[in-house]
Amino acid sequence: MGAMRRRVVALTGAGVSAESGVPTFRGPEGLWRRYRPEELASPEAFARDPIRVWEWYAWRRECIARATPNPAHRTLAAMEEVLPDFLLITQNVDGLHSQAGSRRVIELHGSLWRMRCVREGRVWEDRRVPLPELPPRCPACGALARPDVVWFGEPLPKAAWTQAFRAAAEAEIFLIIGTSGLVEPAASLPRWARAHGARLIEFNIEDTALTPLADEVWRGPVGETLPRWWA
Ligand SMILES: CC(C)NC(=O)[C@H](Cc1c[nH]c2ccccc12)NC(=O)[C@H](CCCC/N=C(/NCCC(=O)O)S[C@H]1O[C@H](COP(=O)(O)OP(=O)(O)OC[C@H]2O[C@@H](n3cnc4c(N)ncnc43)[C@H](O)[C@@H]2O)[C@@H](O)[C@H]1O)NC(=O)OCc1ccccc1
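The structure contained in this document is the topic of the report that follows.

What counts as what
Residues numbered from 1 in each chain as written. Predicted model: local features only at pLDDT ≥ 70, side-chain atom pairs only at ≥ 80, totals over all residues. Heavy atoms only, no water. Helix = DSSP H or I, 4+ residues; strand = E, 2+ residues; numbered from the N terminus. Expected span 1.5 Å × (residues − 1). Contact = heavy atoms within 4.5 Å. Buried < 20%, exposed > 50% of the residue type's maximum accessible area, 1.4 Å probe, protein only. Polar contact = N/O pair within 3.5 Å; in protein donor to acceptor, adjacent residues only side chain to side chain.

A few words now on helix H6 (residues 158–170). Between its first and last C-alpha atoms H6 spans 18 Å; for 13 residues at 1.5 Å apiece the expected length is 18 Å, and the two agree. Check the buried side of H6 and you find it contacts strand S1 (8–12), strand S2 (86–90), strand S3 (105–107), strand S7 (173–177) and helix H7 (188–195).

Have a look at this one:
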């Protein structure tokens, strides 16, 4: 695989964690089947019913706490070891990339394992499963805590987005891994990379909104196809 000296950037979505038992958003067991995204992952939903939103996040934390990284996560961690110019951009909030050993990871949409104080904005890590109380509160001021994730209608963290956007423009190879490519602005990164001459390679079990853009398509569970591509 001739990527050795190339600038490689990877964008991952829920599909990379599917083989670890983490439900995707739009797949058959998709999280959203019972709830529309806006219903739960939005500031409006949290203002309306913070306990309901926290019950959903507590459920997802319990799912993910039982999950372990799969060969796709591990292959991406191995690529970082070998490729000097490798960057991993993820839409996932499950933390499995870091658990697999990836260090150069941009969590575009935040993490389920961090909380944020709605009054002061301080952020802290909290990996307790189950959570002793819902809703959790800020340990410093007692105000309501929220998950440190990006909700629909909220802007992405500026530094993370700027770094991701710049890396996409400089990529020679851009890997699109396990994402339906429906959520913006993350879904614009492959387009931006292609507009700057990157070779796009898609890994997915089915066609997506981004497939027409891809120069190369690997169909099948990414836990099998990505290790094969990298080998
Ligand atoms: C639904 C979509 C149309 N909506 C958006 O894009 C909106 C904006 C918008 C609204 N209307 C629009 C109309 C047009 C364009 C955009 C919009 N975007 C936003 O709101 C963003 C924020 C978007 C981020 C939202 N947060 C998430 N997550 C964190 C929370 C949480 O997780 O609880 S998004 C969440 O959903 C997305 C799910 O997508 P995928 O990861 O791709 O998962 P999915 O299930 O869809 O697909 C899985 C894929 O894997 C494949 N697969 C499955 N198994 C495998 C397998 N084994 N192997 C390989 N592949 C596999 C499947 O085939 C499938 O293709 C991820 O990004 C995930 O992070 N913010 C913003 O625009 O702010 C503005 C702004 C700007 C400045 C100032 C003020 C405001």
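Side chains three or four residues apart in an α-helix point the same way, a direct result of the helix having 3.6 residues per turn. Between its first and last C-alpha atoms helix H4 (residues 71–82) spans 16 Å; for 12 residues at 1.5 Å apiece the expected length is 16 Å, and the two agree. Taken together, the buried positions of H4 are occupied by Ala 72, His 73, Thr 75, Leu 76, Ala 77, Met 79 and Glu 80. Among the structural elements, S1, S2, helix H5 (96–99), S7 and helix H8 (222–230) are those in contact with the buried residues of H4. N-capping of H4 is provided by Asn 70, with a side-chain oxygen placed 2.7 Å from the backbone N of Ala 72.

A few words on unusual backbone geometry. Residue Val 129 is joined to Pro 130 through a cis peptide bond whose omega torsion reads -5 degrees. Mapping Pro 130 onto the fold places it in the loop between strand S5 (123–125) and strand S6 (145–149). Here the amide bond leading from Leu 134 into Pro 135 is cis, since omega sits at -10 degrees, within 30 degrees of zero. One can find Pro 135 in the loop between S5 and S6.

By the element assignment, Leu 87 lies in strand S2. The buried category is assigned to Leu 87, whose relative accessible area is 11%. Residues within four places of Leu 87 in sequence aside, it is in contact with Val 8, Val 9, Ala 10, Arg 104, Ile 106, Gln 163 and Ala 167.

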